[in-house]
Amino acid sequence: MASSPPKKTLNSQSSSLSRPPQAVKFGRRTSSGRIVSLSRDDDMDVSGDYSGQNDYINYTVLMPPTPDNQPAGSSGSTSESKGDANRGGGGGGGDGPKMGNKLERRLSVMKSNNKSMLLRSQTGDFDHNRWLFESKGKYGIGNAFWSEEDDTYDGGVSKSDFLDKPWKPLTRKVNIPAKVLSPYRLLIVIRLVIVFFFLWWRITNPNEDAMWLWGLSIVCEIWFAFSWILDILPKLNPINRATDLAALHDKFEQPSPSNPTGRSDLPGVDVFVSTADPEKEPPLVTANTLLSILAVDYPIEKLSAYISDDGGAILTFEAMAEAVRFAEYWVPFCRKHDIEPRNPDSYFSIKKDPTKNKKRQDFVKDRRWIKREYDEFKVRINGLPEQIKKRAEQFNLREELKEKRIAREKNGGVLPPDGVDVVKATWMADGTHWPGTWFEPKPDHSKGDHAGILQIMSKVPELEPVIGGPNEGALDFTGIDIRVPMFAYVSREKRPGFDHNKKAGAMNGMVRASAILSNGAFILNLDCDHYIYNSKAIKEGMCFMMDRGGDRICYIQFPQRFEGIDPSDRYANHNTVFFDGNMRALDGLQGPVYVGTGCMFRRYALYGFNPPRANEYTGVFGQEKAPALHVRTQSQASQTSQASDLESDTQPLHDDPDLGLPKKFGNSTMFTDTIPVAEYQGRPLADHMSVKNGRPPGALLLPRPPLDAPTVAEAIAVISCWYEDNTEWGDRIGWIYGSVTEDVVTGYRMHNRGWRSVYCITKRDAFRGTAPINLTDRLHQVLRWATGSVEIFFSKNNAMFATRRLKFLQRVAYLNVGIYPFTSIFLVVYCFLPALCLFSGKFIVQSLDIHFLSYLLCITVTLTLISLLEVKWSGIGLEEWWRNEQFWLIGGTSAHLAAVVQGLLKVIAGIEISFTLTSKSSGEDEDDVFADLYIVKWTGLFIMPLTIIVVNLVAIVIGASRTIYSVIPQWGKLLGGTFFSLWVLTHMYPFAKGLMGRRGKVPTIVYVWSGLVSITVSLLWITISPPDDVSGGGGGISV
């Protein structure tokens, strides 16, 4: 036998030399206490509880030959192996030590307290799988005993190599089942073919009796087919995604050689909340959003919160100060009892049992106390307006008396005849003038003219946890980290003559200020009424950013979920067809569009830089993919770098040419210095050979430097109104200006540079917010979105001018974003066509023959099947899908049409469009949470849908009268016109119901007058235009 190199000796050899070797036996204990051997030896009689030398709790098991544990050379039989094992190393013979070394490598020493029965297999051999299961053992070296003296084998293999956990991805794709997706795609192709042949048949078979009806219908149907193609093509590849929070925790928050203390190695996150008007966006709602952010489950020292008050209102300022004080109790309470959701208003409003899954004995006492504190907090917030006004009156009165005293002293004890002029200022609690907007606006103190304000309300937390004590304001926070993340109030400077660019300008101001103060590598932006519903939402998004290939992701978009919607969702406020259907499908392409809130950005991508790697798509349909040549890779950057410490993939970028242009980012060197730091901190860990552009583990463990006066002063300087002059802010950097839908444009520009985005649907909703349930507010919201789309279509952001880095189907999706409002023109015409048919007694086709009906049936059936399969893979409900179809018609004939008109006026005549904020407050009836649903607020957007309803109702009556009084009734044309009129009216039902108000019923007088008017109009129409008595074959249904 060939000699083997010396190996490490197990301790079982030394123990075998000190006492006689014994055979390995397995046994079980009977009910009488007798031990029955399960080995091939005779039964053993052991008295007592496993006494004597036969200790069956600590035993040695000989590993049988397995595919991954084969002995060197020829393997002997089981009995020979047992004999060699019994002889150990004490036997004579030249092969004894060699065989002993081989067998020692095959031994597994196991300490077990498992007293269960180890059964043999049916073949009579020892059931090793059963033993592995019961002993939780492993094959091979994994359960071997390692000596403390020497920790390495020959060849450099060490114990740590076996203890290291395997590399695990943080995310994975979950494909839609083929049994759903394949028929879905097939039906789309089939419907495309049917639509093509239908349109060809319609064009080649004109209606000679009514060419004008035929022409209008043909144009509308061709556009509808084109619009449907733009909408359906991006849905060909929907996907789902899943995250692994446990793997994220193990990789970034567990002790390791590079992180001995187990401190979090996750990058920093800055959370932005935007508000503008405390009257339409109540401070209590904003305060609850802030509390949910401060209590989020993310490393406290890595989280920073910012609120942008674009109105500069002292009410918002003091409400946030109250919220921070309440957060000192609310945040530790949430951590102690694992509260969900961490918005106090939503948490105390849930209907389910609050004690479910709560195990701490003091939970009920703590909840009762914190509930009382929250009620008092709400009272203080509600009383702030009156308190601030009283304070201003007192201080103004004091100033007036002071001025009068000074005037008397100067005028010989007599007041001047013209009195004393005292400015009615708004005062802060410390007795100083509020630098923002006053209750009585004055120069330098109005909404469009005030100084920049930045207040750090919650300081930068300590690096190490601060553990609470048993008496923290009547709560026991022993063992609980009581730190609160940093929070800053920001109100940018506004001056007359400057274009402040609405919300986009406010967001860019926060980007610069936060870069100076905290410089989180990622930015999460939320509306003031969208709070964090899932405390682990940020970690869910971080799984994508920190995973392999995450350095190419520009943002993570979360779906928007809403509360306070009426149960029937009359106006499709949940918008699940878009968020669960369209957005999920875009995730299978280059990523979802940015929808304004609930989005986590990579700060480096917001600065307008290109991704580290990108592809270009050429060919008619973008089928040819090649790496983008003008994207500098890290290896190319290191070749041109002169500094030796920049030659590695794991070092920050300092040589990007964009960083050498101060006019691009502004004249703040402190700000430009933060850019490479943010880029470096946003890289994934370089813990696997497949990870590109990574950073070494443990690089983000250092504490943040404390804030000093020069740093805060620089942060105030970068939010000044003149800072963006001669820069590219709003053009290439940050949120893009020039559109009321700055969110879509900002996301489009990132995709156009080659970045990709990800859609993150969490099991528990990540964020929740409110949506307008009033018909007028809902239509104005849709009007703003549609107007922005029209602006996009007539701008350089049109997808037709996109670069080759945008995928073909992604380009189609963005093209649809700019085109969909124009469908309203054809939709309005098509909604009047049934009425025109009934008025004229004609139809869009010559007759309802078998060809037309067959095409109509096939198109309808395929569309229904496609919709059912879309409901299947998207998870939406049929009722939600139907509500979306209804509101598509309502919005298309009202808000979308108005958006096209406004967009054309802006492009042609230069007329600017102004929009008001959507109110976040509820109706006056506090007992009815859906009070806003029944409020009827007249708007010009009602005119067109109302006209369509009235005209179609009258047309049905006229058509019926015409057919009844005809000598030869043409029932086919009446049936066709009436069917399509009812189709229009069915879609308009939610609109009509919204006009009925709270009662939900039409008054009887309306029915009476409608009937009288319809009969009168129909009789007049028949008198003026009597029915055609000429018989013809066009009236029936020909086969």
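Residues numbered from 1 in each chain as written. Predicted model: local features only at pLDDT ≥ 70, side-chain atom pairs only at ≥ 80, totals over all residues. Heavy atoms only, no water.

You'll find the protein entered in an unreviewed UniProt entry as Cellulose synthase-like protein D1, with Capsella rubella given as the organism. Listed under Sequence similarities (unreviewed entry) in UniProt, the entry text for the protein is "Belongs to the glycosyltransferase 2 family. Plant cellulose synthase-like D subfamily." Of the protein, the UniProt comment under Subcellular location (unreviewed entry) reads exactly: "Golgi apparatus membrane". (UniProt positions renumbered as here; feature names shortened; annotations may be inferred.)

Caption draft 1: Spatial organisation of unusual backbone geometry. The omega torsion of the bond from Glu340 to Pro341 falls at -10°, within 30 degrees of zero and hence cis. Looking at the secondary structure, you find Pro341 in the loop between helix H10 (314–337) and helix H11 (344–347). The phi dihedral of Lys502 falls on the positive side, at around 50°, and the residue is not glycine. Counting through the fold element by element, Lys502 comes out in helix H13 (residues 502–517). Classification of Lys502 as exposed rests on a relative accessible area of 58%. For Asn693, which is not glycine, the phi torsion reads 55° and is therefore positive. Counting through the fold element by element, Asn693 comes out in the loop between helix H19 (669–681) and helix H20 (709–717). The buried category is assigned to Asn693, whose relative accessible area is 7%. (Helix = DSSP H or I, 4+ residues; strand = E, 2+ residues; numbered from the N terminus. Buried < 20%, exposed > 50% of the residue type's maximum accessible area, 1.4 Å probe, protein only.)

Caption draft 2: Expanded view of a nonpolar patch on the surface. A cluster of nonpolar side chains, contributed by Leu857, Val861, Leu865, Leu868 and Leu878, occupies part of the molecular surface with about 430 Å² of accessible area. Here the element with the most residues in the nonpolar patch is helix H25 (residues 850–874); it accounts for four residues. (Patch = residues over 30% accessible without salt bridge, like charges linked within 9 Å, V, L, I, M, F, W, Y side chains within 5 Å. Areas by Shrake-Rupley, 256 points an atom, 1.4 Å probe, with all protein chains shown as cover. Salt bridge = Lys/Arg side-chain N within 4 Å of Asp/Glu carboxyl O.)

Caption draft 3: Representation of the nonpolar core within the structure. If you look at the biggest cluster of nonpolar residues, it comprises 124 residues, and the most contacted ones within it are Phe601, Tyr607 and Phe671. Of the residues forming this core, the biggest block, 11 residues, is contributed by helix H24 (residues 823–840). Domain assignment of the residues forming this core places at least three in each of domain 1 (268–577 + 593–632 + 652–757) and domain 2 (808–921 + 930–1000). Other than its neighbours up to four places away in sequence, Phe601 contacts Ala521, Phe522, Ile523, Asn525, Met545, Cys554, Tyr555, Tyr594, Leu606, Trp735 and Met750. The next biggest cluster of nonpolar side chains, apart from the first, holds 81 residues, and it includes Tyr347, Trp369, Cys543 and Met600. (Core = buried A, V, L, I, M, F, W, Y, C linked by side-chain atoms within 4.5 Å. Domains from an automatic or database assignment. Contact = heavy atoms within 4.5 Å.)

Caption draft 4: Local environment of the pattern of salt bridges. In this structure the tally under the stated criterion is 44 salt bridges. Close ionic contact of Arg483 with Glu301 constitutes a salt bridge, the shortest N to O distance being 3.4 Å. Placement of Arg483 in the loop between strand E11 (453–458) and strand E12 (486–491) and of Glu301 in the loop between helix H9 (283–294) and strand E8 (303–309) is noted, with a sequence separation of 182 residues between them. Neither Arg483 nor Glu301 differs from the other in exposure class; each is buried. Across the pair Glu563 and Arg768 runs a salt bridge, and its minimum N-O distance is 3.4 Å. With Glu563 in strand E16 (residues 561–563) and Arg768 in strand E21 (residues 767–770), this pair connects stretches of sequence that are 205 residues apart.

Caption draft 5: Molecular detail of the sheet that holds E12. Pairing within the open sheet is mixed, and its eight strands lie in the order E11-E12-E8-E7-E13-E17-E15-E20. The sheet is open, and its two edges are formed by E11 and strand E20 (756–759), each paired on a single side. Direction aside, the axes of adjacent strands within the sheet are offset by 20° on average. The sheet contact formed by strand E7 (residues 269–275) and strand E13 (residues 522–527) spans six bridges and is parallel. (Pairing = 2+ DSSP bridges. Axes fitted to C-alpha atoms, helices over the stretch in contact; angles between N-to-C directions.)

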